[in-house]
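Descriptive analysis of the structure
The residues making up each chain are set out below.
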Amino acid sequence: MNRKQSAPSADANEEISALIETLFETEQRLEELTGGEVDTVAGRDGRTFMLRRAQEQSRDSEAGKQAAILNVLPAHIALLDAQGTIVSVNEAWRRFANANVLHAPGPGLGLNYLEICDRAQGDYSTEAQQVAAGIRSVLGRGQKSFSIEYPCHSPTEQRWFLLTVTPLSDDRANGAVVMHLNITERKRSEEKQRASELEFRSMAESMPQMVWMTRPDGWTTYVNQRWVDYSGLSFEESLGHGWGEVFHPDDQQLAAESWQRAVAVGTDHITECRIRRADGTYRWMLIRGVAVRDQAGLITKWMGTCTDIDDLKRAGAALRESEEMLRGVMESSHDCIKILDREGRLLWMNEGGQKIMEIDDFAVVDRQPWTSFWPPDEQAAAMAALERGRNNHVGKFTGSCPTAKGSPRWWEVVITPMLNDTGFPEKLLSVSRDITERKQAEVETQRLHRQLVDASRQAGMAEVATSVLHNVGNVLNSVNVSCSLILGKVRQSRISSVAKTAELLNEHAGDLTEFLTNDQTGKKIPEYLGKLAVRLAEEQKAVLDEVQLLTGNIEHIKDIINVQQSHARNIGGVRETLPIEGLVEEALRMNDGVLRRHRIKVTREFAEVPMVSMEKHKVLQILVNLIRNAKHALTDGGGQDKQLILRIGRNNGNVVVSVSDNGIGIPAENMTRIFGHGFTTKKDGHGFGLHSGALAAQEMGGSLAAESDGPGTGATFTLSLPLDGHGNN
Amino acid sequence: MKPKDLFKFRLYVAGDTPNSARALTNLTALCRERLPDQYKIEIINVLKEPKRALADGILMTPTLVKLVPSPVRTIVGTLSNTSIVLQTLGLETVAV
């Protein structure tokens, strides 16, 4: 092609016209030949000539497409030339021109965008200058592209824009495309996201639980400080799956399976497991995880907590255990266990108790006053026990009360306060134990005891009677002796001599003087009468002496009988306050003859003691028994020096009478048996004396004890009687 | 899959000018219908590679060259007349 710089000449013009005509015809003919189906043809040198129609169509469609594309974009786009002059804008730019301070008013075609930015004033001038610098940099090839986010708030709303500047072509500095994109929505949601993130963080940090967050696949992305503090793992160590190691080895598999299942299915996750604390101890945790989903229902993350339930768990276990135990106790209990309110109304009763009480339907007794179940004469005791419970003490009593069906029963009742949290006895626990059998046994024992006592008393009476008879018998011996003596004396009396003398005197009544003075016989009569008188006087004295002894013996018999009588009178168990010394003396007197006959030396060591309240006959019986036993021990021992020592003294609020002998003593093996029924060492003994003595002493609240160092060392029996008159019986 | 001959085509176009674009559309449609999974199309833009067209002796676009299977056949145009195209490419017999 000829490239002349000068204007074409007239000839040339003519030739150009001809050539254009040829070009046109050529193209026309080509179109015809190719049926309009060809866009280009190649020249000889391979150059491509695009046919006009293709060119036009191509140009039109390209421009249209580009314009259409540009105009549908929501971004505001302007094309700047190399100097920054706006040469083209899209629809959005046009529409929005006035809304943005960085836009020129109106479409701004032909205005220099750089100058607009340079001139910007007010709130956003800083951003405008940054934009100008950015555009200059891109236009000057200093930067491949430039972008900036800037706020552009109108009085009614907050708006944000993203500005990007891109060079028009890669290789030549021939302008740039400026695009503004409204990113207010994105900004808002980002703000929202940030705010909610912040909110979540502060919430998570303030929670008492440990809080964690994971990706949808279970990869931990967040834990709160509480977790860090508890586990001792750092924040970074806790991320990912780092926290798996702090699970208790026994729980690891279960917890992992549960978690994997939840993640796979997307259901809420809940599990209990032990997690190691920084100090190495494991505590039970309740782990909850909830899937957070987006609007489409896809899981975006998991959020969860770990709650320390160790104390609860332990308390729960302890509680369960104690409840189970309690239930077991209740079920297996043969006691009637009740809970009463403060007013004593029945709130609850164990099943075993209902069975014992023969209650078919608890509703019948529900809320009824507990004391009302007791018979009138037991109610005072029940009330008192209840009152003690109310006052935070333990109330106890024993009483008889029939069951709901009227079966007679004895109960041992204990009422205990049930304290509430503040230590106030809000309710009362009443436990009634059926002691009917025990009570019956007690009654039976008492009956047997009484029988025994009666028997022993009778035996004691027999003993006393024996002793009386023995004593009386002893005295009767003396009485007999006295009687024979008197009889002998009276038989040998010189009364007959008096009668003979009187007969002689009667024969010589006429010559009495002669007879008395001259007769050999008569002369001796006065002298004889004098001697007779002396003899008779002697005789009288001897008889009188004997009679006196007899009288004394008879008095003794009377005494013995009196003792027996007073014993008989007091058989009703009447207590008298008496000096013990008197009784000891009386017991000695009753055995006086025996002791004297066996030449037993009696020693009295009596201390001053107060008078004692006692049942006289029982004490006497005991003392008589002890003295007689001592006598047996002394006589069986066969020793010459027979000592019986009676002592009276005090010992710990008791008056003590001891009877000691130096007789045969008691072998150790017998010491435990001597008070037993039927035990005796005497050939004709019945083994009842000491036994009934011990029982009698007990009945008076006292005791009877024996001491001996063994055979041949003698023995001491000690009767103790309480000074206050009644012991613990 | 039954082994069949692979068809290799070369289409010379001038950018996305109307006839070239139509030719590509028609060829693709025809291949999909008649030669599923047994064709390969190489597109040569003569505006970008004028030397290549010259070397291949291509004077006009759009031009379709069937390289394989032989014989090599050339069709110029938009390939709108399917029967002529099939006949030219020797595909009529394949179809029958």
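The following refers to the structure shown. Bear in mind the structure is a predicted one, so any value in this text is a computation, not a measurement.

1. Quick notes on the overall build of chain A
Looking only at helices and strands, chain A has 22 helices and 24 strands in total. Every one of the 729 residues in chain A was classed for burial, and the buried ones make up 39%. Across chain A, every contact between residues at least 6 apart in sequence was considered, and the portion connecting residues at least 24 apart equals 54%.

2. Section: the overall build of chain B
Check the secondary structure of chain B and you find 4 helices and 5 strands. Ordering the α and β elements of chain B from the N terminus gives β-α-β-α-β-β-β-α-α. The buried share of chain B, reckoned over its 96 residues, is 39%. A separation of at least 24 residues holds for 65% of the contacts in chain B among residues at least 6 apart in sequence.

3. Quick word on the packing of helix H18 (residues 580-590) of chain A against helix H20 (residues 616-637) of chain A
All names here are of chain A. At their nearest, the axes of H18 and H20 sit 9 Å apart, and the two run at 50 degrees to each other. Judged by the angle between their axes, H18 and H20 are oblique. In this structure, the crossing between H18 and H20 has a hand that is right-handed. Of the residues in H20, those in contact with Ile-580, Leu-583, Val-584, Glu-586, Ala-587, Leu-588 and Met-590 of H18 are Lys-616, Val-619, Leu-620, Leu-623, Val-624 and Ile-627. Considering only residue class, the contact of H18 with H20 consists of 11 nonpolar, no polar and 2 charged.

4. A word on the pairing of strand E4 (residues 86-89) of chain A
Residues and elements named next belong to chain A. Pairing analysis gives 3 bridges linking strand E3 (residues 76-80) to E4, with the strands arranged antiparallel. Within E4, the position partnered with Leu-79 by the bridge is Ser-88. Joining the antiparallel neighbours E3 and E4 is a turn of 5 residues, in which Gly-84 adopts a positive phi near 95 degrees.

5. Some thoughts on the packing of aromatic side chains
Residues and elements named next belong to chain A. Counting across every chain of the model gives 10 aromatic pairs over all chains. With a centroid separation of 6.3 Å and an interplanar angle of 65 degrees, the aromatic rings of Trp-370 and Phe-397 are classed as edge-to-face. Separated by 27 residues along the polypeptide, Trp-370 in the loop between helix H12 (362-365) and helix H13 (376-390) and Phe-397 in strand E15 (residues 395-400) bring together distant segments of the chain. Assessed through its relative accessible area of 2%, Trp-370 is described here as buried. Under the relative-accessibility criterion, Phe-397 is labelled buried at 9%. Grouped by ring-pair contacts, the aromatic residues Phe-200, Tyr-222 and Phe-235 constitute a single cluster. The positively charged end of Lys-313 is found above the aromatic ring belonging to Trp-284, 4.4 Å away from the centroid. The ring of Trp-410 has Lys-439 sitting right over it, with the charged end atom 4.4 Å from the ring centre.

6. Observations concerning the sheet that holds E4(A)
All names here are of chain A. Spatial ordering of the open sheet is given by E4-E3-E7-E6-E5, a layout of 5 strands whose pairing is antiparallel. With one partner strand each, in any of the chains shown, E4 and strand E5 (146-151) form the two edges of the open sheet. Geometrically, the sheet is characterised by an average inter-axis angle of 20 degrees between neighbouring strands, direction not taken into account. By the bridge criterion, 7 bridges tie strand E6 (residues 160-167) to strand E7 (residues 176-182) in an arrangement that is antiparallel. Paired with Pro-167 across the strands is Ala-176, a residue of E7. The strands that helix H5 (residues 125-139) touches are E3, E5, E6 and E7; relative to E5, the one it contacts most, it runs at about 170 degrees.

7. Here we look at the interface of chain B and chain A
A common way to express how large an interface is: the accessible area buried when the components associate. Taken residue by residue, the interface counts 20 residues in chain B and 20 residues in chain A. Counting the surface lost from both chain B and chain A, the interface buries some 1,300 Å², and carbon and sulfur atoms represent 52% of this. Interface area lost by chain B to chain A is led by B:Pro18, B:Asn19 and B:Leu54, which between them contribute 30%. At the junction of chain B with chain A, the criterion picks out 0 salt bridges. Between chain B and chain A we count 9 residue pairs in polar contact (both at pLDDT 80 or more) in total. At the level of elements, helix H1 (18-34), helix H2 (50-56) and strand E3 (60-61) of chain B are the ones that each hand at least two residues to the side of chain B that touches chain A. Per-element tally for the side of chain B that touches chain A: the top contributor is H1(B), with 3 residues. For the side of chain B that touches chain A, the per-class residue count stands at 12 nonpolar, 7 polar and 1 charged.

8. A few points about the pattern of salt bridges
All names here are of chain A. According to the stated counting rule, one finds 36 salt bridges over all chains in the structure shown. When the shortest N-O distance is used, the salt bridge between Asp-335 and Arg-433 registers 2.8 Å. Taken as a pair, Asp-335 in the loop between helix H10 (310-332) and strand E13 (336-341) and Arg-433 in strand E17 (residues 425-434) lie far apart in primary sequence, 98 residues in all. Given a relative accessible area of 11%, Asp-335 falls into the buried group. Taken together, the salt bridges that share partners define one network made up of Arg-283, Asp-308, Asp-310, Asp-311 and Arg-314.

9. Topic: the side chain of A:Lys439
Within the secondary structure, A:Lys439 sits in helix H14 (residues 436-491). When residues no more than four places from it in sequence are discounted, the contact partners of A:Lys439 are A:Thr398 and A:Trp410.

10. Examining a nonpolar patch on the surface
A grouping of A:Ile69, A:Leu70, A:Val72 and A:Leu73 is seen on the molecular surface, where their side chains present a nonpolar patch of about 360 Å² in accessible area. As for its position among the elements, A:Ile69 is in helix H2 (residues 52-72).

11. Comments concerning the sheet that holds strand E1 (residues 40-42) of chain A
Taken together, the 3 strands give an open sheet; going across it, the order is E2(A)-E1(A)-E3(B), and neighbouring strands pair in antiparallel fashion. One side of each edge strand has no neighbouring strand; the edge strands of this open sheet are strand E2 (48-50) of chain A together with E3 of chain B. Sheet topology note: the E1(A)/E2(A) ladder contains 3 bridges and is antiparallel. Of the residues in E2(A), the one forming a bridge with A:Thr40 is A:Met50.

12. Structural notes on the environment of A:Gln158
Residue and element names in this part refer to chain A. Structurally, Gln-158 is set in the loop between E5 and E6. For Gln-158 and Glu-185, which are 27 residues apart along the polypeptide, the C-alpha to C-alpha distance reads 9.9 Å. Not counting residues up to four positions away in its chain, the partners in contact with Gln-158 are His-153, Thr-184 and Arg-188.

13. As for the environment of A:Phe49
All names here are of chain A. You can see Phe-49 is positioned in strand E2. Here the alpha-carbon distance between Phe-49 and Asp-39, two residues 10 residues apart in the chain, equals 8.5 Å. Contact partners of Phe-49, with chain neighbours within four places excluded, come to Asp-39, Thr-40, Val-41 and Gly-43.

14. Things to note about the nonpolar core
Residue and element names in this part refer to chain A. Formed by 40 residues in total, the largest nonpolar core has its most connected members in Ile-580, Met-614, Val-619 and Leu-644. Looking at this core, the elements that each hand over two or more residues are H18, strand E20 (612-615), H20, strand E21 (643-651), strand E22 (654-661), helix H22 (689-699), strand E23 (703-707) and strand E24 (715-722). Those residues in contact with Ile-580, other than ones at most four positions away along the chain, are Val-609, Met-614, Val-619, Ile-648, Val-655, Val-657 and Leu-721. Formed by 24 residues, the second largest nonpolar core is a distinct cluster that contains Trp-93, Val-131, Phe-146 and Val-178.

Here is what the cut-offs are and how they apply
- Residues numbered from 1 in each chain as written.
- Chains lettered and ligands numbered in written order.
- Predicted model: local features only at pLDDT ≥ 70, side-chain atom pairs only at ≥ 80, totals over all residues.
- Heavy atoms only, no water.
- Helix = DSSP H or I, 4+ residues; strand = E, 2+ residues; numbered from the N terminus.
- Buried < 20%, exposed > 50% of the residue type's maximum accessible area, 1.4 Å probe, protein only.
- Contact = heavy atoms within 4.5 Å.
- Axes fitted to C-alpha atoms, helices over the stretch in contact; angles between N-to-C directions.
- Parallel < 35°, antiparallel > 145°, perpendicular 65-115°, else oblique.
- Left-handed = near helix turned anticlockwise from the far one by under 90°.
- Nonpolar A, V, L, I, M, F, W, Y, C, P; charged D, E, K, R; others polar.
- Pairing = 2+ DSSP bridges.
- Phe/Tyr/Trp six-rings, centres within 6.5 Å; stacked < 30°, edge-to-face > 60°.
- Lys NZ or Arg CZ within 6 Å of the ring centre and 35° of its normal.
- Buried area = accessible area lost by both parts, 1.4 Å probe.
- Salt bridge = Lys/Arg side-chain N within 4 Å of Asp/Glu carboxyl O.
- Polar contact = N/O pair within 3.5 Å; in protein donor to acceptor, adjacent residues only side chain to side chain.
- Patch = residues over 30% accessible without salt bridge, like charges linked within 9 Å, V, L, I, M, F, W, Y side chains within 5 Å.
- Areas by Shrake-Rupley, 256 points an atom, 1.4 Å probe, with all protein chains shown as cover.
- Core = buried A, V, L, I, M, F, W, Y, C linked by side-chain atoms within 4.5 Å.

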